[in-house]
Amino acid sequence: MLWLALVFPEWPLQARFRTRDGTRPLAVSQGQRVIALDAIALAQGVRVGQRLADALALAPDLVIRSREPAAETAALQDAAGCALHFTPHVSLDDDALLLELSGSLKLFGGLDTLLRTLQRTLAAAGFESVSACAPTPRAARWLALGAPGQRVRNVAALPGALAPLPLEVTGAGSGALLPLRDAGLRTLGELMALPRSALALRDAGPLLTLLDQALGRRPDLRVDHSAPPRLDSRIELPVPRQDSDVLLFAASRLFSAACARLAAAQSGVGECALELEHEGQPPTVLTLRTGQPTRDPRVLAGLAREHLARIALPAPVAALRLQATDWLLMPGRSRDLFGAQAPSLAETRAAAALLVERLRARLGHDKVHALSGSADPRPECAQQPAEPGAARPGQARTRRPLWLLTEPEALAERDGQPWRHGPLHCLEDSERIEAGWWDGLDAPLAANEALRDYRIAIGPRQEVLWIYREHHPPHRWYLHGVFG
Amino acid sequence: MKHRNAALAPVLQQRSDIWAANDLPDSAQPGIPSGHPALDAELPGGGWPVGELTEVLSDCQGHGEMSLLLPWMAAASRREGWLVWVSPPARPHLPALAAAGLYTPRLLLIDAERPAERVWALRQALESGACTGLAGWLDKADTAMLRRLQLAARATPLPVLLFRPAHDRQRPSPAGLRLQLSPGPAHALRVDILKRRGRPASTPLYLRTRAFSMPPPLSSPSLPSPAAGPIRRPALTLIA
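Residues numbered from 1 in each chain as written. Chains lettered and ligands numbered in written order. Predicted model: local features only at pLDDT ≥ 70, side-chain atom pairs only at ≥ 80, totals over all residues.

### Details of helix α6 (residues 143–154) of chain B
Residues and elements named next belong to chain B.
Then, number 1: For α6, with twelve residues, the first-to-last C-alpha span of 16 Å sits near the 16 Å given by 1.5 Å per residue.
Then, number 2: Along α6, the residues that are buried comprise Leu 146, Leu 149 and Ala 153. Mapping the buried residues of α6 onto a view down its axis gives an arc of 60 degrees, with all of them on the same face. The outward face of α6, more than 90 degrees from its buried face, is lined by the exposed residues Ala 144 and Leu 151.
Then, number 3: Each element contacted by the buried residues of α6 is listed here: β1 (53–57), α5 (115–128) and β6 (160–164). (Helix = DSSP H or I, 4+ residues; strand = E, 2+ residues; numbered from the N terminus. Expected span 1.5 Å × (residues − 1). Buried ≥ 20, exposed ≤ 12 C-beta atoms within 10 Å, placed from the backbone. Arc of directions from axis to C-beta. Contact = placed C-beta atoms within 7 Å.)

### Quick notes on the environment of Ala 39 of chain A
All names here are of chain A.
Then, number 1: Checked against the element boundaries, Ala 39 lands in helix α2 (residues 39–43).
Then, number 2: Of the residues examined, Ala 39 has 12 C-beta atoms within 10 Å and is grouped as exposed.
Then, number 3: Taking the C-alpha atoms as reference points, Ala 39 and Ala 27, twelve residues apart in sequence, are found 9.9 Å from one another.

### Quick word on the interface of chain B and chain A
Then, number 1: Counting from both sides, the interface comprises 47 residues of chain B and, opposite them, 53 residues of chain A.
Then, number 2: Among the residues making up the side of chain B that touches chain A, the classes are represented as 28 nonpolar, 13 polar and six charged.
Then, number 3: Across three bridges, the pairing between strand β13 (residues 368–373) of chain A and strand β4 (residues 107–110) of chain B is antiparallel. Along β4 of chain B, the bridge assignment pairs Val 368 of chain A with Ile 110 of chain B. (Nonpolar A, V, L, I, M, F, W, Y, C, P; charged D, E, K, R; others polar. Pairing = 2+ DSSP bridges.)

### Digging into the sheet that holds strand β2 (residues 26–30) of chain A
Residues and elements named next belong to chain A.
Then, number 1: With mixed pairing, the three strands of this open sheet are ordered in space as β3-β2-β4. The sheet is open, and its two edges are formed by β3 (33–37) and β4 (63–66), each paired on a single side. Recorded for the sheet is a direction-independent mean angle of 35 degrees between the axes of neighbouring strands.
Then, number 2: Across four bridges, β2 lies against β4 in parallel orientation. Pairing of Ser 29 across the sheet is with Ser 66, part of β4. (Axes fitted to C-alpha atoms, helices over the stretch in contact; angles between N-to-C directions.)

### Points about unusual backbone geometry
Residue and element names in this part refer to chain A.
Then, number 1: With phi around 50 degrees, Asp 415 is a residue other than glycine that occupies positive phi space.
Then, number 2: Residue position: Asp 415 is located in the loop between β15 (403–414) and β16 (417–419).
Then, number 3: Notably, Gln 462 is not glycine yet its phi reads approximately 70 degrees, a positive angle.
Then, number 4: Note that Gln 462 resides in the loop between β18 (450–458) and β19 (464–470).

### Focus on the environment of Arg 79 of chain B
Then, number 1: Structurally, Arg 79 of chain B is set in the loop between α3 (70–76) and β2 (82–86).
Then, number 2: The sequence separation of Arg 79 of chain B and Tyr 103 of chain B amounts to 24 residues, and the corresponding C-alpha distance is 9.4 Å.

### Section: the environment of Arg 141 of chain A
All names here are of chain A.
Then, number 1: Among the secondary structure elements, Arg 141 is positioned in helix α6 (residues 137–146).
Then, number 2: C-beta crowding within 10 Å serves as the criterion here: with 26 such atoms nearby, Arg 141 is assigned to the buried category.
Then, number 3: Once the C-alpha coordinates of Arg 141 and Ala 96 are considered, the two residues, 45 residues apart in sequence, prove to be 7.8 Å apart.
Then, number 4: Among residues more than four places away in sequence, those in contact with Arg 141 are Ala 5, Asp 93, Ala 96 and Leu 98.

### A short note on the packing of α5 of chain B against α6 of chain B
All names here are of chain B.
Then, number 1: One can describe the packing of α5 onto α6 by two numbers: an axis separation of 9 Å at closest approach and a directional angle of 5 degrees. On the basis of their axis angle, the class for α5 and α6 is roughly parallel. Residue-level inspection shows Pro 115, Ala 116, Val 119, Leu 122, Arg 123, Leu 126 and Glu 127 of α5 in contact with α6, the latter providing Met 145, Arg 148, Leu 149, Ala 152 and Ala 153.
Then, number 2: Residue composition of the contact of α5 with α6, grouped by class: nine nonpolar, no polar and three charged. (Parallel < 35°, antiparallel > 145°, perpendicular 65-115°, else oblique.)

Put into structure tokens, the structure is as follows:
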């Protein structure tokens, strides 16, 4: 067994402020006292335990949020979602995460690589962590708190590794620790050196149980964290902001956490909703559609960027919330024998669908379309705008122009010849199109009816045009297409 | 490599230390055949260049300028991916495209008003990796935009054809290949290669791009048009 404990320094602060951009000092309070603060606040003289009034006197632009256990739980679950990508055995332990890694080392290329990737994934989601490894979960946690970075691989080395740690890492209440401290005990090593009977007399029984679990002498069962296949996470901004760079930065944290979670479930999302919450106003909802299921944070961030560029926000944004309920299974691909792989057909299709959605996000839905053919012989009805990917091929016809005018252009007539900046010289043969009468069977001459003789004509600048003459009187000439 | 002097050719081929100034450089990236052998012979790489922009400058309509691209587009549309047209000047007529061999369901039409949006759409298409060919109509585009587009094109082995008005000929452009199209005699399309990698081209090409044959109507004296004067054939005429 190899347990990794992840401890988040200043956890109440990390949980409340997922976007720490280092512009203003931040702190979290509980009962009018500061309980967690960031480096800027520390540099300005704010300390843990200070009263809020004192802290504000030292750092006037300090942003203070009260501690919120619900937000801490939600944030820890987000972090656990990221960790699930690396092992299925993740358990929540107050404000820390415990991961059992023995089955994952080979897949992720050893402990060093795995730890680096894990730290990077968590950092992208907005979490800073320190860690330690040990054969038992409790020892890993204690080491992460007291001596971060330690790696103990076997049980025999545990007593030696734990010995220098202070008693406070056990998390036992001050009621249990005070008598021991009074007896001059400071470290776990000193505690372990004492006879057990003497300790039992000093009410240290519960502490001994913890110590036995840490040393692997007693079972310490952990429950794997399981999360429902649903995304719903929220990030508050330190101060309400409107500039899209700040919003995208916060959104990218949500996307990174969500995508790590999706990777763990071998799933992707085809659609998700990014809610931008305003103070005292209904939220602005951006619906991000990817066309194909995805779990790439850059794809989602790219779509969000296009949406933000297009809309005008009614008010500054106080918080962002990402929701996605429909998860689609997205199995991974095995690596090719020689590493690099050409994009598969499915990948090209996914990229093709994504391109359409990305273009539509900025330009508008009907600005991007395909052409679908139809069997209608009228030239203007031979193609219709269609949903990309759902277009039908049409019938091929030779001697047809590449470009069609939206509205036929009426032509003048001189000496019995059509005229457009000069006489138009018609080629011999013509194509008669007689169609559309079915659109208005009851009317004698329906508006959509086409009864035309089409000809290819050469204009004065040698341009080749497609013109027609109405069959009905007054036999007017029209320009309908250009041979591009 | 073609040399006018047959006796000189073998000597030149043996000597690697002699560089013939009229050689087109062997392009690192072979181009995509344009479907017009006479044009391919003049293009470095033997076809539409990939990984850089190609500009087609033209003011005319109805002289077969789009048909110049159709053989390549028809071939490109047989592969999976979009054939992207950004802001074409008119509605494409599908039966004509199908007749040219284009598989039309893979055509993606994008209407963008402003030049910056058109360039943006082209860049998105280039970077998506989901396209087999790109054509864009840019009537107003500044050099900085084109430079960004050229950078995006460099990473993607695709031909990018940009239609620009003929008066943009005077403006500098980062495109690796610039062609000017104008009506030629006898319904041929005149192609002037303004810029290409390697030695500059001096003689225009005359290409027939249409699928159907046309009678010579200009021989008829009944057409009093200033453009239709007596045709002086250029010294070198290539009719493909």
